[in-house]
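Residue-level structural notes
Chain by chain, the residues run as shown.
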Amino acid sequence: MLSFLKLLTLIAACAIFLLFAYTTTAYSLAQDAELASGMTMINETSSLANISHSRSVRQALGAGADDTTDDTDDVDPRDPRTDDDPTECSQGLVLPLWMPQKNITWGDRAIRGFVYFILMIYLFVGVSIISDRFMAAIEAITSTERTVTIKQPNGEKQTVRVRVWNETVANLTLMALGSSAPEIMLSVIEIYAKNFESGDLGPGTIVGSAAYNLFVIIALCMIAIPTGESRRIKHLRVFTVTAIFSVFAYIWLWAILAVISPGVIEVWEGIVTFLLFPVTVIWAYIAEKRLLVYKYLDKNYRVNKRGTVISGERDAVEMDTEKGRHGSVPMDADAAAFEEARREYIQVLTELRQKYPEADLEQLEMMAQEQIISRGSKSRAFYRVQATRKMIGSGNLMRKIQERAHSDLNEVKAQLNRDDDSDDEDQPTRIYFEPGHYTVMENCGEFEVRVVRRGDISKYSSVEFETQDGTATAGGDYIGRKGVLTFPPGVDEQRFKIEIIDDDIFEEDECFYIRLFNPSENVTLVVPQVATVMILDDDHAGIFAFSDSVQEISESVGIYELPVMRYSGARGTVIVPYWTEDDTAKAGKDFEPVQGELTFEDNATEQFISVPILEESSYEKDVTFKVHLGEPRLAPGDELLAQIQEVEKKKIEDLDELERILLLSKPKNGELSTVRIRIRESKEFRATVDKLVAKANVSAVLGTSSWKEQFKDALTVVPADESEFDNEDETEEEIPGCFDYISHFVCLFWKVLFAFVPPTDLCGGYITFCVSIIVIGLVTAVIGDAASYFGCALGIKDSVTAICFVALGTSIPDTFASLIAAKQDDTADNSIGNVTGSNAVNVYLGIGLAWSIASIYHMSNGNTFNVEPGTIGFAVALFCALAMIAFGIMMYRRNSKKIGAELGGPKSKWVHGSVLISLWILYLIISTLEAYHVFKI
């Protein structure tokens, strides 16, 4: 793709060439006019018949007078020249007129034309910068989100954030308004400046801009795609509707100018022109949503096994958006969009984990957020702002994306922590045991019981407790106790001790209970409000088992410590073998396999098996594996083992009661000797993903939060991001180049001036929107005056100035925006798909609004609003004819088997692009020749 600097140079060269050509033409016409004027003054002293001869000479020399008209008929009442002297310019609306205006040499006119030309370029830069702020406000408005609760195919409910504005409606209303604001404002302001009479500058700019957009922008985007790649319009129905309405807009202009009421714009015609704007938006929305007739289009019909004709599936792309991950289960469009974004985030995170295995999860999450924001769906406003900032040396959006990703991650982590902390604070005061189960040895002496208070702990609380017998009895197995626990303000736990009585009699494990009761006012007892205490007999080797048959863990646990319990005795040193077994979870993928032996020392009641869990950062995960316990055995050399071996040498009938009990004290496995470990996704990771996906909104990169940020951006030179988000491995900070500094200082006045515009974070961007549109109007008024003075100084008509210069200047930012979108997007919608919609909006809003105001004004004064159909009507008819050729080329490229897309493709793209450029040049030449009456329609 051509670099922006080369493209700017090319466009500037073309503009200078056109300026030189028109200057030469104007000079020739001026010389002819002076000659004709001299001949007229000589013949004025003769007779009245010589005056008629003078008219014939002037007509032959190109003055353009008809045989039946006076000399003053050549002067256009809308031209900024005075009636007394056709070469003298009249005062504009805002910009002061360069005096003097009489007796000016051609050299002075050339200098003035050059100065006005440079001023126009500088004003175009200014209107581009304020349009940057305007588009950022539009992006903030159209990215407004609402909370939606969706139901997953598995029945689970989830809350997501979705955009309020429909994409098509946003593109055809606010986005198109932002892109075309200078042209629209110029048309409306010109009507006011000319006392509600029609002019050529506003309508000419709109028609010229439409021609440039359709021919040049599409051609450049077509060529800019690297060879072998292509871009295809995704929303073809919407593009078709806007293409039809864009052509119809100009046909409608021709009809009301030349057919319905020639030369007169009636009130109803102006209002209908304006109302066609909402009609276009509504019809495009209907096409996108497949409402009305569209639901019957693009369906494949087939005959089922019963011979019944049924409708088949639509395009796979559209069906994917209407179905969830679970096959044919239908999913809401908002849910499908959120699910798609979430899957993309997980995919990016997985790729980054493989690429940077040493990075921690938080770093990977931030990198993934950067890529999701940069890869995410971007609006036309994003590319327009990015293009403008590239031109003025004002912005590396990648840097803002990095800052945004970092702040998003920090905000999400802080919010999750706040949520955890606030869960307790928002609830009433609760008191309970923690833990609710205690296992103690018979010979432990005493143990400590913990009671906690949660919720509001700012007040005084109290609760009573007492022990209750189970299989263990107070006085025989433990010392019973009763008392009151007090919690002063700020204290969240209290502890007390229970004494256990030891004996030398072998017996089964026993238990007793501790109960909480009689809490103070505003205190609630919650489970566990009764603690269970298990007393293990220390005269038996013990029974070994897991506490539960199923253990559920998070994949982010790292190393899971699986507890193995020893109960019904804790005498002697016992060795217990263990090993893991695959199930749906696979060793090496979901966990590291382990195998070994646990050693329980004398009186030890618990040991842990360490199982490394491998984290995949999965959003949804549910796999299991097993851990088995082998047959336990007493360790060699243990005293109890020696006693048992001695007793085993005797015959069973010779054993006494104590020896029989001793044999029963050998270690063995309990019922739960196998546990199933269930690995689920990390809840924190899942919550982080949901919140980061919801925050992955590129509009936040465009907006500003404070005036301080705006002035800092205005005064800082930032290198243009030439990588355009593609170079992920680039870590070195870029240094601004020479072109960046030149652009910055040239645009510094505008950047500082427009930094006073309110930031987009105020009132959701609406204040920025209103202030920006007012400033655009003011700058556009100056552009209109400068363009008129420019044409007047060099003898160029307003219609030619509008089509060749003003239209080009207002469309340069759109050119860069489309080129960036063509390279970065996977589709052609943002690069050329919005061209037709913008062209239609230009006519319906720019001309429709201006002519409606003027016609109503004249009707209220008893007059008619007259519009000369000549130049405008010809330009409209010419544009429609050439537009049909352009659309034919695009249809051919899309339906061609070799190309199959509107943009890019094989080398034939150069041929098609050249044809489109030639159509634009042809349009300029024919429109200019017609404006100078070289030929007439």
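Just so you know, these numbers come straight off a predicted model, no measurement behind them.

Moving on to the packing of aromatic side chains. Under the defined criterion, the tally for this structure stands at 23 aromatic pairs. Ring geometry for Phe711 and Phe756: centres 4.9 Å apart, planes at 85 degrees, overall edge-to-face. Placement of Phe711 in helix α17 (residues 707-715) and of Phe756 in the loop between α18 (738-754) and α19 (766-794) is noted, with a sequence separation of 45 residues between them. Taking relative accessible area as the criterion, Phe711 reaches 25% and is therefore assigned partly exposed. Take Phe756: its relative accessible area is 55%, and that puts it in the exposed class.

Let us look at the sheet that holds strand β7 (residues 429-433). Spatially, β12-β9-β7-β14 is the arrangement adopted by the 4 strands of the open sheet, whose pairing is mixed. Each end of this open sheet is capped by a strand with a single partner; those strands are β12 (493-499) and β14 (523-525). Strand-to-strand twist across the sheet, computed as the mean angle between neighbouring axes with direction ignored, equals 25 degrees. As defined by bridge partners, strand β9 (residues 446-454) adjoins β12 across 7 bridges and the pair is classed as antiparallel. Note that in β12 the partner of Val452 across the bridge is Glu493.

We now examine the confidence of the model for the chain. Residues with a pLDDT of 70 or more make up 69% of the chain, whose mean pLDDT is 75. Element-level pLDDT for the chain is lowest in helix α2 (residues 48-60), with a mean of 36, against a maximum mean of 92 in strand β19 (residues 574-582). When the criterion is pLDDT under 50, residues 1-10 qualifies, and its contacts beyond four places in sequence or with other chains add up to 16 contacts.

Reading across from one edge, β8-β15-β13-β10-β11 is the order of the 5 strands in this open sheet, with mixed pairing throughout. Looking at the sheet topology across the chains shown, the edges are occupied by β8 (437-441) and β11 (482-487). Strand-to-strand twist across the sheet, computed as the mean angle between neighbouring axes with direction ignored, equals 25 degrees. Note that strand β10 (residues 461-469) and β11 share 6 bridges and pair antiparallel. Looking at β11, one finds that Glu466 is bridged to Lys482.

The next subject is empty space enclosed by the protein. For the coordinates displayed, the defined rule picks out 6 cavities of 30 Å³ or more. For the largest cavity, the calculated volume is near 130 Å³. At the level of elements, α4 (167-193), α5 (201-224) and α21 (829-860) are the ones that each hand at least two residues to the lining of the largest cavity. Partitioned by chemical class, the residues of the lining of the largest cavity number 5 nonpolar, 6 polar and 2 charged. In this structure, the second largest cavity spans a volume of roughly 60 Å³. In terms of lining residues, the second largest cavity is bounded by Cys89, Leu97, Trp98, Gln101, Ile104, Arg109, Arg112, Tyr116, Tyr789 and Ala793. Elements that contribute at least two residues to the lining of the second largest cavity include exactly α3 (106-142) and α19. With 3 residues, the single largest contributor to the lining of the second largest cavity is α3.

Before going further, it helps to spend a moment on the pattern of salt bridges. Going through the model one piece at a time under the given rule, you end up with 14 salt bridges. Put simply, Arg450 and Glu493 hold a salt bridge, and the shortest N to O gap is 2.9 Å. Residue Arg450 is located in strand β9, and its partner Glu493 is located in strand β12; the two are separated by 43 residues in the primary sequence. Taking the relative accessible area as the measure of exposure, Arg450 reaches 18% and is therefore buried. You can call Glu493 partly exposed: its relative accessible area is 23%. Across the salt bridge formed by Glu466 and Arg515, the nearest N and O atoms sit 2.5 Å from each other. In this pair, Glu466 is assigned in strand β10 and Arg515 in strand β13 (residues 510-517), connecting sequence segments 49 residues apart. For Glu466, a relative accessible area of 17% gives the class buried. Classification of Arg515 as partly exposed rests on a relative accessible area of 26%.

Turning to the packing of α19 against helix α20 (residues 798-824), a few remarks are in order. A packed helix pair is summarised by two numbers, namely the angle formed by the two axes and the spacing between the axes. Look at α19 against α20: their axes get within 9 Å of each other, and the N-to-C directions meet at 115 degrees. Along this stretch, α19 crosses α20, giving a crossing that reads as right-handed. The residues of α20 that touch α19, namely those facing Ala787, Ser788, Phe790 and Gly791, are Asp798, Thr801, Phe805 and Val806. Considering only residue class, the contact of α19 with α20 consists of 4 nonpolar, 3 polar and 1 charged.

Next up on the list: the nonpolar core. Ranked by internal contacts, the top residues of the largest apolar core, which has 137 residues, are Phe215, Tyr250, Trp851, Phe879 and Tyr923. It is α5 that contributes the most residues to this core, 16 residues altogether. Discounting residues that sit within four places of it in the chain, Trp851 has contacts with Ile191, Pro203, Leu253, Ile256, Leu257, Ile265, Phe865 and Val867. Counting residues in hydrophobic clusters, the runner-up holds 29 residues, among them Phe546, Leu562, Tyr578 and Leu598.

Conventions adopted
Along each chain, numbering runs from 1 in the same order as the chain's sequence is written. Reporting in this predicted model follows two pLDDT cut-offs: at least 70 for local features of residues, and 80 or more for side-chain atom pairs to be given and counted; totals over whole chains, interfaces and linings ignore these cut-offs and use all residues. Note that the side-chain values use all heavy atoms of the structure and ignore hydrogens as well as water. Each Phe, Tyr or Trp ring (for Trp, its six-membered ring) is paired with any other whose centre lies within 6.5 Å, and the angle between the two planes then decides the class: stacked below 30 degrees, edge-to-face above 60, tilted in between. Per the convention used, a helix needs a DSSP run of H or I reaching at least four residues, while a strand needs a run of E reaching at least two, with both numbered from the N terminus. Residue exposure (1.4 Å probe, protein chains only): buried if accessible area is under 20% of the type maximum, exposed if over 50%, otherwise partly exposed. Should DSSP find at least two bridges between two strands, the strands are taken to pair. Fitted lines through C-alpha atoms serve as axes, helices being fitted only where they are in contact, and the angles separating the N-to-C directions of these axes extend from 0 to 180 degrees. Known as pLDDT, the predictor's confidence for each residue is given on a scale from 0 to 100. Throughout, a contact is declared for two residues whenever any of their heavy atoms are within 4.5 Å. Points on a 1 Å grid over protein atoms alone make up a cavity when a 1.4 Å probe fits among them but cannot get out, and a pocket when they form an open set with protein on both sides within 12 Å along at least five of seven lines; lining residues each have an atom within 4 Å of a point. Grid points are joined across faces, edges and corners, and a volume is the space filled by probe spheres set on the points. Note on residue classes: Ala, Val, Leu, Ile, Met, Phe, Trp, Tyr, Cys and Pro are nonpolar, Asp, Glu, Lys and Arg are charged, and everything else, Gly too, is polar. The salt bridge definition used is simple: a Lys or Arg side-chain nitrogen within 4 Å of an Asp or Glu carboxyl oxygen. Two helices cross in a left-handed way if the nearer one is turned anticlockwise from the farther one by less than a right angle. They cross in a right-handed way if the turn is clockwise. In plain words, nonpolar cores are sets of buried Ala, Val, Leu, Ile, Met, Phe, Trp, Tyr and Cys residues tied together by side-chain atoms within 4.5 Å.

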